[in-house]
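In case you want the letters, here they are:
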Amino acid sequence: MEHIDMIQQRITVLPDGRLSRNDAAKYLGRAPKTLAEWARLGTGPRSFLVGGRRFYPLADLQAFAGG
């Protein structure tokens, strides 16, 4: 498991390169509820469900954050 330290916030990247909604929100500097709303609306970074939990690929978060 990889960890990214961003301004004293620890973000966990799973071995397959995905982040939980909470970690993705920290990475983007947004609230987890914002990412939930984006997923509901079909906007924001690409996400997918695994066992009822939503995950975000790190590469997609980087592309989204970069504009």
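Everything that follows concerns the structure shown earlier in this document.
My aim in this report is to walk through the structure given alongside it, one point at a time. (Residues numbered from 1 in each chain as written. Predicted model: local features only at pLDDT ≥ 70, side-chain atom pairs only at ≥ 80, totals over all residues. Heavy atoms only, no water.)

**Topic: the sheet that holds strand β4 (residues 48-50)**
Pairing between sheet strands relies on hydrogen bonds along the backbone, with the strands arranged either parallel or antiparallel.
Thought 1: Spatially, the 3 strands line up as an open sheet ordered β3-β5-β4, and their pairing is antiparallel. Whereas interior strands pair on both sides, the edge strands pair on one side only; in this sheet they are β3 (18-20) and β4. The average angle at which neighbouring strand axes cross in this sheet is 45 degrees, direction not considered.
Thought 2: Pairing of β4 with strand β5 (residues 53-57) involves 3 bridges; the strand directions are antiparallel. Each bridged residue has a counterpart across the sheet, and for Leu49 the counterpart in β5 is Arg54.
Thought 3: Sitting on the sheet, helix α3 (residues 58-66) touches β3 and β5, and the angle it makes with β5 is about 65 degrees. (Pairing = 2+ DSSP bridges. Helix = DSSP H or I, 4+ residues; strand = E, 2+ residues; numbered from the N terminus. Axes fitted to C-alpha atoms, helices over the stretch in contact; angles between N-to-C directions. Contact = heavy atoms within 4.5 Å.)

**Let's talk about the nonpolar core**
Thought 1: Ranked by size, the top nonpolar core spans 12 residues in total: Ile11, Val13, Leu19, Ala24, Ala25, Tyr27, Leu28, Leu35, Trp38, Tyr56, Leu58 and Leu61.
Thought 2: Counting only elements with at least two residues in this core, the list comes to β2 (9-13), α1 (21-28), α2 (32-41) and α3.
Thought 3: Of the residues forming this core, the biggest block, 4 residues, is contributed by α1.
Thought 4: The contact partners of Leu28, leaving out residues within four places of it in the chain, are Leu35, Trp38, Pro45, Leu61, Phe64 and Ala65. (Core = buried A, V, L, I, M, F, W, Y, C linked by side-chain atoms within 4.5 Å. Buried < 20%, exposed > 50% of the residue type's maximum accessible area, 1.4 Å probe, protein only.)

**Considerations on the packing of α1 against α3**
Thought 1: Where α1 contacts α3, the two axes come as close as 10 Å, and the packing angle between them is 30 degrees. With respect to α3, the element α1 is oriented roughly parallel. Handedness of the crossing formed by α1 with α3: right-handed. Mapping the contact onto sequence places Ala24, Tyr27 and Leu28 in α1 and Leu58, Leu61, Gln62, Phe64 and Ala65 in α3. (Parallel < 35°, antiparallel > 145°, perpendicular 65-115°, else oblique. Left-handed = near helix turned anticlockwise from the far one by under 90°.)

**Observations concerning the pattern of salt bridges**
Thought 1: Scanning the entire structure with this criterion turns up 4 salt bridges.
Thought 2: A salt bridge links Asp16 to Arg18, with the shortest nitrogen-to-oxygen separation between them at 2.7 Å.
Thought 3: The class for Asp16 is exposed, based on a relative accessible area of 54%.
Thought 4: Owing to a relative accessible area of 18%, Arg18 belongs among the buried residues under this scheme.
Thought 5: For Lys26, the salt bridge is made with Asp23, and the minimal N-O distance between the two is 3.9 Å. Taken together, the residues Lys26 and Asp23, both in helix α1 and 3 residues apart, mark about one turn of the helix.
Thought 6: Taking the relative accessible area as the measure of exposure, Lys26 reaches 37% and is therefore partly exposed. (Salt bridge = Lys/Arg side-chain N within 4 Å of Asp/Glu carboxyl O.)

Don't take any of this as a statement about function, it's just geometry.
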